[in-house]
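Structural features, examined
Chain by chain, the residues run as shown.
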Amino acid sequence: MSPSSSITCSRFATIAVAAVLLQSLGLFLFIFGFFPIKPALSGVSGPESFRAPWPDGIENDSVTALPPEKLKQLYQELSEISPPFDRLILMVIDGLPAEFVLGRDDKPPKDVFVEAMPYTQSLLANGFAVGYHAKAAPPTVTMPRLKVVTLGYFYVLGQFFRTGRRMVMHGDDTWLKLFPGSFIRHDGVGSFFVKDTVQVDQNVSRHLDKELCRDDWDLLILHYLGLDHVGHLGGRNSFLMGPKLKEMDKVIEMIHRSSLRDKKNHQKGTLLVIVSDHGMTESGNHGGSSFEETDSLAVFFGLGGHTLDYASATDNSANQIDIAATVALLFNVPIPKNNIGVVIPHALNFMTDADKMRALELNSWQLLRLLHAQLSGLPCEHELVEDFTGDRKSVVSECSGNIEQVFCCLYQNAAILHKSWKFKRISMSNIEDYNNAATAYYAFLRTASQWLARRMTDKPVSLLVVGISAMLLSCLIFLGLVFHMNKALYLREDHHLSSSKKYAFSWHLDEIFLVGATLIHVISMGSSSMVEEEQYIWHFVSSTFYLLLIRKTAQTIPTDRTQSSLFLPMSQNRKINYPIISIFSVLVSGRILRAWHQGGINWANLPDISKWLKLAGHEYVKQLRLLACLLVIILSIYVLSFLWTRRKMVLVVGFSFFIPGLMVLKYIMSHEDDTSGSFTYNYSSTISAQKIYGVLGALTVVAVASVPWLIHISTSKACSNGDICLSTSVYHDVLNLSLLKEMRDSFYVIGWAYIFCWCLLQLLLQQPTNSLPVFLLLVQIYASMLHSFSAVPAHKHWIEVAAFYQLGMAGHFALGNSNSLATIDVAGAFIGTSDFSMLSSGVLMFIITYASPLLFLLSMAMWISMKDFSCLVTSQNANYGDLLKMMLGFPCVIPLCLNSVMLTAYTIILLLMRNHLFVWSVFSPKYLYVAAATICVYVGVFVVAATGTYIYLVVIYRKR
C-alpha cells in the first residue's frame, strides 16, 4: 500500500468540497445574524398616526379607499397644524460634504468654497437659510441614504402620492427604482458613469426653467450627480470642484429667486430643501463611516422671516433620518411608520407655539408606537394624567428605574408640561412653560430615538454561535488535510530516497516564522488600530520571510555541489546565483510597492510615490503606464520562451497573446485623457474595451482547452536504447515520467496565460498610477517561481504556497486598498460598459479590488509545473490519483486553510467586539473584506483545481 493511499484522491476532494460548503454555510449564518435587519411594523402609516397610540386607537383600514383629495383633507384636519407650505423642492447634490458649505469645528468653510457659492453663503449669513450637518449612517452610498432621507422605511413620497400631490423628478435614476410610477414627469440619468461630470448635470438643469414656470407639480426633485463624480475622479481638491460648486450655486439662486416670485402668487409658499446623501474622503470616495463620509448636508430655505445670525444658521447638527419626519410634519402627512427621526427644531420656528407643540406631540406618538412594539410591557397608556389641575410641580418627576419606566416617565413629563402650557395659555402667556414643555419633548424624543437605533443592532447569539461552529469545524478539516498532505508527500519522498538520504521531518526557521506570523496577525485583529493599518503586518511578514530565505539559501552555498537531474541544465555558478538573485528581486519589488501607496486610515495623507506622480502631471503618469505595459509584455514573452523545447507552441501562443497586449497599448494611447489622467468615456472607448475583454477571454479559454491536447507525448527516446526497452518496469517509469513532463508543460503554458491575461486586464482597469505596481507584482511572481525551481534543498510545498499567499495580500494593500469601504475603486468598474448592470459592474469592481490576491492564486497553475512529483510516478505503487491529489492539494488547500484560519478567528473577534465603540466603523467593514477575500480564494482555487483536473483527464485519456 502506498504511503498516501489512506485517503484517495476522490475522497480527498469530497472532504475539501464539504469543508468549503460548511464554511460557506457558517459564513452566511453569521452575516445574516450579525448585520442588522431592522424590525419593521407592517403596513403603511395612516390616520392613526395623528391619534394617541393606545389600543383603542382607530386603524386606517376604513380610509384606504378614500380618494386622494379627501385623504389629504382628513390628514390636515387630524394633524391640527396649519399647513405652512403647498410646494416642496428637494434638491439633492450627490456627495456634497456639509463642511464645504457650513464649515467645521466652529470654523467657516475654506475660502475657495465660500467664493464658489456666494449666493448660498449670503443667505446663510443673513439668516434666510438654516443649515445642518446631517449625519449619515454607514454604508455611505446613494440608495440607502435616499431611503433614509425620503422614507424612514415607508415612503414619505408614497404619502405624497396617496394624497394626490403631483411629483416631478429629474436626475439620478435611483429615484425611479425606488418609486416606480410615482412621477408625472421624469428624466432619469445613470448614476454610475463616474467619468461624466458635465452632461450628467446639464441633463437636469435643462428642465429647470420650464419646471419653475409650471404650476402643475407639488413636489420637484432635482438630483445632481456631477459633484460626486468630480470627487471620484480627483478628490476633494480637484480643480473641477470649484467650478462645479459655482454651477450648483447658480442653480440654488435660480430656484430661490423663483420661489420668492411665486410666493406672491401662491397662498402659502414653496419650501426649498438642499440635501446631500453622503460626504466624501480626501480622495473623493465614500462608503465608510469616517466624519468626512458621514458629514452630509441639509439646508432649509424659505422658513419665514425668522432671522438667525451666521453661527446659528450654520453650527447645527442632526441625523439624516430626521429629515423624513420633519418634511412629513411640515406637509401634514403621516410620519413613516418605522421612522425613528426627531423633528428638526429650526424647521418649526415659523410656526405658532400651538402648532409646534402639536408637531412635537405627533412625533412623540410615532416613537411611542415603535417603543410599544419593542417593549410589550410599556405601561405609559395606563399612567397618563387626564384630570390635570395645572400644578406641574406636583406631578413632574425625576426619571429612573428600568428602561420602560424611564421612557414612560420622560413622555409623561412632556405630556404634563404640554397640558400645563395649554391650561395657562388660556389666561396668560408664559414663555417659560412653553420652553419647559418643548425641552421635555425633545428629551423624550432623543432618548427614544437613540435607544431604538441601538435596538436595531441586537443580534441572535444562538445563530451566531452556530455559524462560528460551522466555520471552526471547517477550519479544523482544512488543517487536517494539510497535515495529511505533508505527511503523505514526505513519506513518499522518504520511500523514494536511498537509505542514506532518508528524509528527517523537522521544523525550520522559515516554517516556524510563518506559523508564528499567522498567529500574531490573527491576534492583532483584536485591535481597531491594527485593523486600520493592517498593511504593515503583511508587508512585514512577506519581507521578513524572504530575508529568512536568503539566510537559508546562503547556508547551502558552501556544501551544495550536486546537480539534480530534475532541473534544466545550468552551470554550477548559475545554480548558486539564481536563488539569491530571485529573492533580492522579490524584496526590491516589495519595497517599492510598500512605498507606492501610504495606505491605511490614519496616515493615508502622508506622501507616497502615487501622490508624487499625480503632482508631476498626468502626462508623466501616461508615459509610465505605457512603459509598464511594455515591460509586462516583454517579461511575459521572455518567461514563455523558457519552454523553448516546444518552440512551435511557444511561437503560436506568444504571438496570439501578443495581440491583446498591443490592443491595451493602443487603448492607453488613444483613450487616456492627458488633462485628467483617466480614460475618456465615449462610444469608441467603450467598444475598444469590450473588444479587449473579448479577446482576452477567448484566448484564455482556447489556451486552456487546446494546450493539453497539442503537447506531444513522446516515448521514442525511451525505446531508442534497446536495454531500456528490455525492462518493462523501467519502460513504464520512463513513460510515466514523460506523461508527468507533458502535464507540467501544460501547467506552465496555461499558468503563463492566466498570469499574462490578468496583468493586461489590470493595466486596463486599475488607476493610472497603479500600472507600474502591476508590473512589480509580475516580477515578484516570476522571481518566486525561479527561486522555487532552483532552490536547493527545495522548500516544503506548503511553505512556498503560503509565501505566495502572503505576497498576494501584501500586493492587495500596495495597490491602494485598505479596510475602509471608501478606498474601493468605483471608476474602473464602468470601463467598457455602455449601460449600467449591477452584475457586470460588481464583477469588475471585485476584479479591481482583489487584483493581487487573484493574480497570485492563478499563478499556482504555473507553480505546479515547477515542482518535482517524479517520486509519485516512478515507484512500484505508482498511482495517478495520488499524483493529482499532490499536484492540486497544496496550491488549493493551503490558501483555503490560511483564509479559513483568518475568517474563523476574525469572526470570533467580531462577535466579542459586537458592543465596541468602533464595531460599525472599523470591525464590520473589515469583516466584509474578509468575506469578500473568502470568495476570492474560492474563485482562485476553483480555477486552479478545474484546470488541473482537465489537464489530468486529457493526459490520462491520451495515454490510454
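Bear in mind that the values here come from a model prediction, so they are computed numbers and not experimental data.

1. Section: the overall build of the chain
Secondary structure assignment for the chain yields 38 helices and eight strands. Counting every position in the chain, which comprises 960 residues, the buried fraction comes to 57%. Nonlocal contacts in the chain, meaning residues at least 24 apart in sequence, comprise 80% of its contacts between residues at least 6 apart. Of the roughly 40,300 Å² of accessible surface on the chain, 62% is carried by carbon and sulfur atoms.

2. Some words on unusual backbone geometry
One non-glycine residue with positive phi stands out, namely aspartate 105, at about 55°. By secondary structure assignment, the location of aspartate 105 is in the loop between helix H3 (98-102) and helix H4 (111-116). Residue classification places aspartate 105 among the exposed positions, given a relative accessible area of 61%. For aspartate 106, which is not a glycine, the phi torsion comes out positive at approximately 65°. If you trace the backbone, aspartate 106 turns up in the loop between H3 and H4. Residue classification places aspartate 106 among the exposed positions, given a relative accessible area of 69%.

3. A word on the state of the cysteines
What we call a disulfide is simply a covalent bond connecting the sulfur atoms of a pair of cysteines. Taken as a whole and assessed by the stated rule, the structure comprises one disulfide. Between the sulfur of cysteine 399 and that of cysteine 409 lies a disulfide, 2.2 Å long from S to S. Taking the torsion about the S-S bond as the criterion, the cysteine 399 to cysteine 409 disulfide, at about -80°, is left-handed. With cysteine 399 in the loop between helix H17 (380-383) and helix H18 (403-425) and cysteine 409 in helix H18, the pair connects residues that are ten residues apart, well separated along the chain. Residue classification places cysteine 409 among the buried residues on the basis of a relative accessible area of 9%. Considering cysteine sulfurs only, cysteine 757 is the nearest to cysteine 759, which forms no disulfide, with 9.5 Å between them. A relative accessible area of 0% places cysteine 759 in the buried class.

4. Regarding the packing of aromatic side chains
Considering all chains together, one arrives at 23 aromatic pairs under this definition. Between phenylalanine 30 and tyrosine 927, the aromatic rings sit 5.3 Å apart at their centres with planes inclined by 50°, giving tilted as the arrangement. Highlighted residues: phenylalanine 30 in helix H1 (residues 9-34) and tyrosine 927 in helix H38 (residues 919-959), separated in sequence by 897 residues. Given a relative accessible area of 0%, phenylalanine 30 falls into the buried group. Centre to centre, the rings of phenylalanine 657 and phenylalanine 756 are 6.4 Å apart; their planes meet at 65°, and the pair counts as edge-to-face. One end of the pair, phenylalanine 657, is in helix H27 (residues 647-671); the other, phenylalanine 756, is in helix H31 (residues 728-765), with 99 residues separating them in the sequence. Judged by relative accessible area, phenylalanine 756 falls into the buried class, the value being 0%. Connected via pairs of aromatic rings, a cluster forms that spans Phe30, Phe34, Phe35, Tyr906 and Tyr927. Over the ring of phenylalanine 160 we find arginine 165; its NZ or CZ atom is 5.2 Å from the centre of that ring.

5. Digging into the pairing of strand S5 (residues 219-224)
Judged by how many residues are buried, S5 sits mostly within the fold: six of six residues are covered. Going residue by residue along S5, you find Leu219, Ile221 and His223 tucked away on one face and Leu220, Leu222 and Tyr224 tucked away on the opposite face as well. Of the pairings in the sheet, the one linking strand S3 (residues 167-172) to S5 comprises five bridges and is parallel in character. Opposite methionine 167, over in S5, you have leucine 219 as the bridge partner.

6. Section: the pattern of salt bridges
If you walk through the whole model with that rule in mind, you get 24 salt bridges. Its salt-bridge partner being glutamate 534, residue lysine 926 comes within 2.7 Å of it at the nearest N-O pair. In this pair, lysine 926 sits in helix H38 while glutamate 534 sits in the loop between helix H22 (528-532) and helix H23 (535-556), placing the two residues 392 residues apart along the sequence. Take lysine 926 and glutamate 534: they sit in the same class, and that class is buried. A salt bridge links lysine 867 to glutamate 800, with the shortest nitrogen-to-oxygen separation between them at 3.0 Å. With lysine 867 in the loop between helix H36 (860-866) and helix H37 (880-912) and glutamate 800 in helix H33 (residues 797-814), the pair connects residues that are 67 residues apart, well separated along the chain. With relative accessibility at 5%, the residue glutamate 800 sits in the buried group. Shared partners join several salt bridges into a network, and the residues in it are Glu99, Arg104, Asp105, Arg236 and Glu292.

7. Details of the confidence of the model for the chain
When the pLDDT values of the chain are averaged, the result is 82; 83% of them are 70 or greater. Low pLDDT (under 50) marks residues 1-5, which in the prediction has twelve contacts with non-local residues, meaning those over four places away or in another chain. Segment residues 715-727 is flagged for pLDDT under 50; beyond a separation of four residues in sequence, or across chains, it makes nine contacts in the model.

8. Comments concerning the packing of H33 against helix H35 (residues 851-858)
The contact between H33 and H35 brings their axes to 7 Å, and the two run at 155°. By the angle between their directions, the pair H33 and H35 is classed as roughly antiparallel. Where H33 crosses over H35, the handedness of that crossing is right-handed. In this structure, H33 contributes Phe804, Leu807, Gly808, Met809, Gly811 and His812 to the contact, and H35 contributes Ser852, Pro853 and Phe856.

9. Observations concerning the packing of helix H32 (residues 771-790) against H35
Running from amino to carboxyl end, H32 crosses H35 at an angle of 25°, the nearest separation of the two axes being 11 Å. Taken together, H32 and H35 sit at an angle that is classed as roughly parallel. Judged by the twist between their axes, the crossing of H32 over H35 is right-handed. For the pair H32 and H35, contact is made by Leu777, Gln780 and Ile781 and by Ser852, Leu855 and Phe856, respectively. Of the residues belonging to the contact of H32 with H35, the class tally is four nonpolar, two polar and no charged.

10. Some thoughts on H35
Within H35, eight of the eight residues are buried, leaving the element largely enclosed by the surrounding structure. The set of residues buried in H35 consists of Ala851, Ser852, Pro853, Leu854, Leu855, Phe856, Leu857 and Leu858.

11. Regarding the sheet that holds S3
Spatially, eight strands are ordered S4-S3-S5-S1-S6-S7-S2-S8 in an open sheet, and the strand pairing comes out mixed. One side of each edge strand has no neighbouring strand; the edge strands of this open sheet are strand S4 (185-189) and strand S8 (317-319). Strand-to-strand, the axes of this sheet are offset by a mean angle of 20°, without reference to chain direction. Of the strands in this sheet, strand S2 (129-135) and strand S7 (295-301) touch helix H5 (residues 118-125), which is tilted by about 100° from S2. Running over the sheet, helix H12 (residues 241-263) touches strand S1 (87-93), S5, strand S6 (270-275) and S7 and is turned about 175° from S1.

12. Overview of a nonpolar patch on the surface
Together, Trp507, Ile512, Val515 and Leu519 make up an exposed nonpolar region whose accessible area comes to about 400 Å². Structurally, the position occupied by tryptophan 507 is in the loop between helix H20 (461-496) and helix H21 (509-524).

13. Here we look at the environment of glutamate 404
Structurally, the position occupied by glutamate 404 is in helix H18. A C-alpha to C-alpha distance of 8.8 Å links glutamate 404 and leucine 371, two positions 33 residues apart in sequence.

14. Notes on the side chain of serine 528
Mapped onto the secondary structure, serine 528 falls in helix H22. Classification of serine 528 as buried rests on a relative accessible area of 15%. What serine 528 contacts, discounting residues up to four positions off in sequence, is Phe918, Val922 and Phe923.

15. Thoughts on H5
Every α-helical turn comprises 3.6 residues, leaving residues that sit three or four positions apart pointing alike. If you check which residues of H5 are buried, you get Tyr119, Thr120, Gln121, Leu123 and Leu124. The inward-facing, buried residues of H5 contact H3, H4, S2, H12, S7 and helix H14 (310-314).

16. A closer look at the environment of serine 258
Positionally, serine 258 belongs in helix H12. Along the backbone, serine 258 and cysteine 213 are 45 residues apart, and their C-alpha atoms lie at a distance of 8.4 Å.

17. Re the side chain of serine 790
Note on placement: serine 790 falls in helix H32. A residue is classified by how much of its surface remains accessible, and serine 790, at 3% relative accessible area, is buried. At a separation of 2.7 Å, a polar atom in the side chain of serine 790 contacts the main-chain carbonyl oxygen of leucine 786.

Calculation rules
Residues numbered from 1 in each chain as written. Predicted model: local features only at pLDDT ≥ 70, side-chain atom pairs only at ≥ 80, totals over all residues. Heavy atoms only, no water. Helix = DSSP H or I, 4+ residues; strand = E, 2+ residues; numbered from the N terminus. Buried < 20%, exposed > 50% of the residue type's maximum accessible area, 1.4 Å probe, protein only. Contact = heavy atoms within 4.5 Å. Areas by Shrake-Rupley, 256 points an atom, 1.4 Å probe, with all protein chains shown as cover. Disulfide = S-S within 2.5 Å. Phe/Tyr/Trp six-rings, centres within 6.5 Å; stacked < 30°, edge-to-face > 60°. Lys NZ or Arg CZ within 6 Å of the ring centre and 35° of its normal. Pairing = 2+ DSSP bridges. Salt bridge = Lys/Arg side-chain N within 4 Å of Asp/Glu carboxyl O. pLDDT = per-residue confidence, 0-100. Axes fitted to C-alpha atoms, helices over the stretch in contact; angles between N-to-C directions. Parallel < 35°, antiparallel > 145°, perpendicular 65-115°, else oblique. Left-handed = near helix turned anticlockwise from the far one by under 90°. Nonpolar A, V, L, I, M, F, W, Y, C, P; charged D, E, K, R; others polar. Patch = residues over 30% accessible without salt bridge, like charges linked within 9 Å, V, L, I, M, F, W, Y side chains within 5 Å. Polar contact = N/O pair within 3.5 Å; in protein donor to acceptor, adjacent residues only side chain to side chain.

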